Amino acid sequence: MTNSSNRKPSSQALQGVENPSRYKHQVTSRFESIDSETGEITVSSVSDSVRESRRARFKLLDASASVLHGFYGKEPPIKANGHEKRHRTCTCHRTRLSPTTQVLKSEQSKKAFFGGVMQCASVWTCPLCAAKINERKASEMRVAFNQAPELGLKAHLVTFTAPHTAGDQIDELSSKMREALSSFWRERQIAKWKKERAVTGNIRAFEVRYGSNGWHPHFHLIVFSRDSILGDTERLLEKWQAVCVRAGLDKPNEYGLDVQDGSKAGEYICKFGSDGEVLEKADGQKVSWDAADEMTKGNSKTGRTGSLSPWDILRVVSETKDEAERKKYSGLFLFYARAMKGTSQLKWSRGLRKVFELEAEKSDEELLAEHEDKAKLLCHLSALEWSHLIKNKTRSVVLDLAETGGSEAVARYLYDTVHKNKVGATSGDWFAVFYSEFMARQSEPPS
């Protein structure tokens with residue numbers, strides 16, 4: 001198919017093409033769809049807060065990709081194809097895997113997303129992939145929370161921390177923390193305690209934050225047991241202190257291990273979309289954060305006073321006007337990314353998923369692919385159009401338009417920003433021809 005940006009439509013092509021001003025549905029600047037015949041205004045079911053969160057994630061992704069170009073240093077290794085090796089997040093939602101980029105829309109959530117592009121599936125360095133993956137993992141956890149009471153199980157939120165200073169290196173500190181937790185569960189006294197309390201298993205989440213005392217890696221665990229473990233804090237803390245010292249960490253104080261009642265997580269229904277949406281309790285009340293969020297989205301939480309999440313660090317990189325500050329926080333994120341490579345963020349203990357009759361755990365890549373299996377194709381974007389969106393950082397704009405105005409709104413935007421000047425046309429008839437060709441890509445995508 002010939003790209004409409006490279007030629008002018010013939011007079012024959014214009015015949016029988018309806019003027020776009022008479023199209024039944026138009027999209028306003030507020031991304032509302034208006035029926036020109038009835039005047040009815042239809043607003044997408046996707047909230048503005050969700051779209052704002054998505055725009056922010058694209059912005060953070062660009063910041064992450066920029067920083068991670070230095071992941072392998074000044075002399076990155078050379079791949080078999082002769083190209084320099086880069087961190088996979090550098091190509092996420094940038095590199096095409098097919099001749100076109102597809103715009104798809106989920107039939108269930110009504111959210112739009114891109115197909116035919118690289119997805120890195122990194123929960124540590126990619127805010128886009130992390131949001132999708134962690135929502136699916138959080139949904140599985142809510143299934144467990146809701147089933148636990150029926151199985152006679154109690155849920156507890158247990159947090160493991162250790163002392164740290166501004167001089168500690170993130171890679172060494174996180175490695176020692178993982179070693180200490182592994183040793184903790186191998187302790188003979190802990191094995192005895194698990195039998196006494198009939199501990200069924202746990203879900204472990206690893207979180208990293210940065211503050212005035214440097215890096216703060218720590219673990220959140222949801223522990224399921226027949227008996228309550230709320231009175232066992234001192235007993236567990238003693239063993240945690242011992243394994244921390246053996247792993248080369250300083251001895252935790254009385255706040256090094258915290259046990260909280262996690263049973264309230266069971267009152268939340270399994271209804272959660274993406275960042276910006278809210279949970280709903282069984283009684284209909286809205287909540288913005290629950291135990292599943294604490295486990296799966298700890299790294300995305302907005303920074304508390306003196307404590308920054310990895311995404312907070314990227315926000316500084318993307319927004320600061322101070323070059324020294326940008327360099328400092330870029331370095332911090334780079335250290336963090338290198339330390340987290342190959343590290344599991346969320347892990348179910350052996351056999352626990354079977355207790356709740358959940359299927360075998362899927363990889364992060366498989367969780368991302370699930371989204372595409374239940375979506376409708378709206379349109380194809382050419383290589384030229386995709387490059388324009390990346391260069392101008394407007395990928396999220398196209399998704400907004402796809403959700404509210406469909407393929408016509410996307411085509412109108414691309415025509416106005418990419419093609420109009422190339423064909424030297426300003427009248428509506430020229431857009432009508434472009435839109436006709438744009439929709440023809442459904443059956444004959446451009447090469």
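Cut-offs and rules
Residues numbered from 1 in each chain as written. Predicted model: local features only at pLDDT ≥ 70, side-chain atom pairs only at ≥ 80, totals over all residues. Heavy atoms only, no water. Helix = DSSP H or I, 4+ residues; strand = E, 2+ residues; numbered from the N terminus. Buried < 20%, exposed > 50% of the residue type's maximum accessible area, 1.4 Å probe, protein only. Contact = heavy atoms within 4.5 Å. Axes fitted to C-alpha atoms, helices over the stretch in contact; angles between N-to-C directions. Parallel < 35°, antiparallel > 145°, perpendicular 65-115°, else oblique. Left-handed = near helix turned anticlockwise from the far one by under 90°. Salt bridge = Lys/Arg side-chain N within 4 Å of Asp/Glu carboxyl O. Nonpolar A, V, L, I, M, F, W, Y, C, P; charged D, E, K, R; others polar. Pairing = 2+ DSSP bridges. Core = buried A, V, L, I, M, F, W, Y, C linked by side-chain atoms within 4.5 Å. Disulfide = S-S within 2.5 Å. Expected span 1.5 Å × (residues − 1).

Student: Looking at this model, I keep getting lost on the overall build of the protein. Mind explaining?
Tutor: Each helix and strand counted, the protein has 14 helices and 14 strands in total. Taking all 447 residues of the protein together, the buried fraction comes to 49%. Restricting the contact set of the protein to residue pairs at least 6 apart, pairs at least 24 apart contribute 71%.

Student: Looking at this structure, how should I read the packing of helix α5 (residues 188-196) against helix α6 (residues 233-246)?
Tutor: Angle between the axes and distance between the axes are the two parameters that describe a pair of packed helices. For the pair α5 and α6, the least separation of the axes is 11 Å and the interaxial angle reads 155°. Classified by the angle their axes make, α5 and α6 are roughly antiparallel. Where α5 crosses over α6, the two elements pack in a sense that is left-handed. On α6, the residues touching Gln 189, Ile 190, Trp 193 and Glu 196 of α5 are Arg 235, Leu 236 and Lys 239.

Student: Sorry if this is basic, but what is going on with helix α12 (residues 383-392) here?
Tutor: Side chains three or four residues apart in an α-helix point the same way, a direct result of the helix having 3.6 residues per turn. Among the residues making up α12, those that are buried are Glu 385, Trp 386, His 388, Leu 389 and Ile 390. Phi turns positive one or two residues past the end of α12, at Lys 393, with a value near 55°.

Student: Quick question: what am I supposed to make of the pattern of salt bridges here?
Tutor: When the charged atoms of two side chains lie near each other, side chains of opposite charge can form a pair. Counting across every chain of the model gives 23 salt bridges. A salt bridge links Asp 400 to Arg 55; the nearest nitrogen and oxygen atoms lie 2.6 Å apart. One end of the pair, Asp 400, is in helix α13 (residues 395-423); the other, Arg 55, is in helix α2 (residues 48-68), and 345 residues separate them in sequence. Owing to a relative accessible area of 1%, Asp 400 belongs among the buried residues under this scheme. Between Lys 239 and Glu 187 there is a salt bridge, and its shortest N-O distance comes to 3.9 Å. Highlighted residues: Lys 239 in helix α6 and Glu 187 in the loop between α4 (170-186) and α5, separated in sequence by 52 residues. Take Lys 239: its relative accessible area is 19%, and that puts it in the buried class. Among the residues examined, Glu 187 registers a relative accessible area of 14% and is labelled buried. In this structure, a network of salt bridges that share partners links the residues Arg 51, Glu 52, Arg 54, Arg 55, Asp 400 and Glu 403.

Student: I would appreciate a short explanation of the packing of helix α8 (residues 310-319) against helix α9 (residues 323-340) in the present structure.
Tutor: In contact at an axis separation of 8 Å, α8 and α9 are set at 150° when each is read in the N-to-C sense. As summarised for this structure, α8 and α9 are arranged roughly antiparallel, according to the angle between their axes. Handedness of the crossing formed by α8 with α9: left-handed. Contacts between α8 and α9 involve Pro 310, Trp 311, Ile 313, Leu 314, Val 316 and Val 317 from the first element and Glu 325, Arg 326, Tyr 329, Ser 330, Leu 332, Phe 333 and Tyr 336 from the second. Looking at the contact of α8 with α9, its residues break down into 10 nonpolar, one polar and two charged.

Student: Is there a simple way to explain the pairing of strand β8 (residues 214-225) in this structure?
Tutor: Regular strands show a simple pattern: their side chains alternate between the two faces of the sheet. With respect to burial, β8 is a largely interior element, 11 of its 12 residues being buried. Here strand β6 (residues 154-160) runs beside β8; their pairing, made up of seven bridges, is antiparallel. Residue pairing across strands places His 156 opposite Val 223, the latter belonging to β8. As defined by bridge partners, strand β7 (residues 199-211) adjoins β8 across 12 bridges and the pair is classed as antiparallel. Within the sheet, the bridge partner assigned to Val 199 lies in β8 and is Ser 225. The antiparallel pairing of β7 with β8 creates a hairpin that spans two residues between the two strands.

Student: Quick question: what am I supposed to make of the nonpolar core here?
Tutor: As a rule of thumb, soluble globular proteins bury nonpolar side chains together. Within the largest apolar cluster, 87 residues are counted, with the highest numbers of intra-cluster contacts made by Phe 114, Phe 160, Trp 215, Trp 240, Leu 381, Val 410 and Phe 438. Broken down by element, this core gets its largest block of residues, 11 residues, from α13. Look past the residues within four positions of Phe 160 in its chain and what remains in contact with it is Met 177, Leu 181, Phe 184, His 218, Phe 219, Leu 221, Trp 240, Gly 256 and Leu 257. Formed by 16 residues, the second largest nonpolar core is a distinct cluster that contains Leu 157, Ile 203, Trp 348 and Phe 356.

Student: What is the right way to look at the state of the cysteines in this model?
Tutor: Note: disulfide means a covalent bond formed between the sulfur atoms of two cysteine side chains. The full count for this structure, using the stated rule, is zero disulfides. Residue Cys 92 stays outside any disulfide, its sulfur separated by 3.6 Å from that of Cys 129, the closest cysteine.

Student: How should I be thinking about the environment of Val 67 in this particular structure?
Tutor: Inspection of the secondary structure assignment puts Val 67 in helix α2. Placed 266 residues apart in sequence, Val 67 and Phe 333 show a C-alpha to C-alpha distance of 7.6 Å.

Student: Explain α4 to me, please; I cannot follow it from the model alone.
Tutor: With 17 residues, α4 should reach 24 Å at 1.5 Å per residue; the first-to-last C-alpha distance of 25 Å fits that figure. Among the residues of α4, those classed as buried are Ile 170, Leu 173, Ser 174, Met 177, Ala 180, Leu 181, Ser 183 and Phe 184.

Student: Sorry if this is basic, but what is going on with the sheet that holds strand β4 (residues 101-106) here?
Tutor: The strands that make up a sheet are held in pairs by hydrogen bonds between backbone atoms, and each pair lies either parallel or antiparallel. Pairing within the open sheet is antiparallel, and its three strands lie in the order β5-β4-β14. Lying at the two open borders of the sheet, with one neighbouring strand each, are β5 (112-115) and β14 (375-381). Averaged over all pairs of adjacent strands, the angle between their axes in this sheet comes to 30°, without regard to strand direction. As paired elements, β4 and β5 share four bridges and run antiparallel to each other. What sits directly across from Leu 104, in β5, is Phe 113. With respect to the sheet, α12 is in contact with β4, β5 and β14, its orientation differing from that of β14 by roughly 95°.

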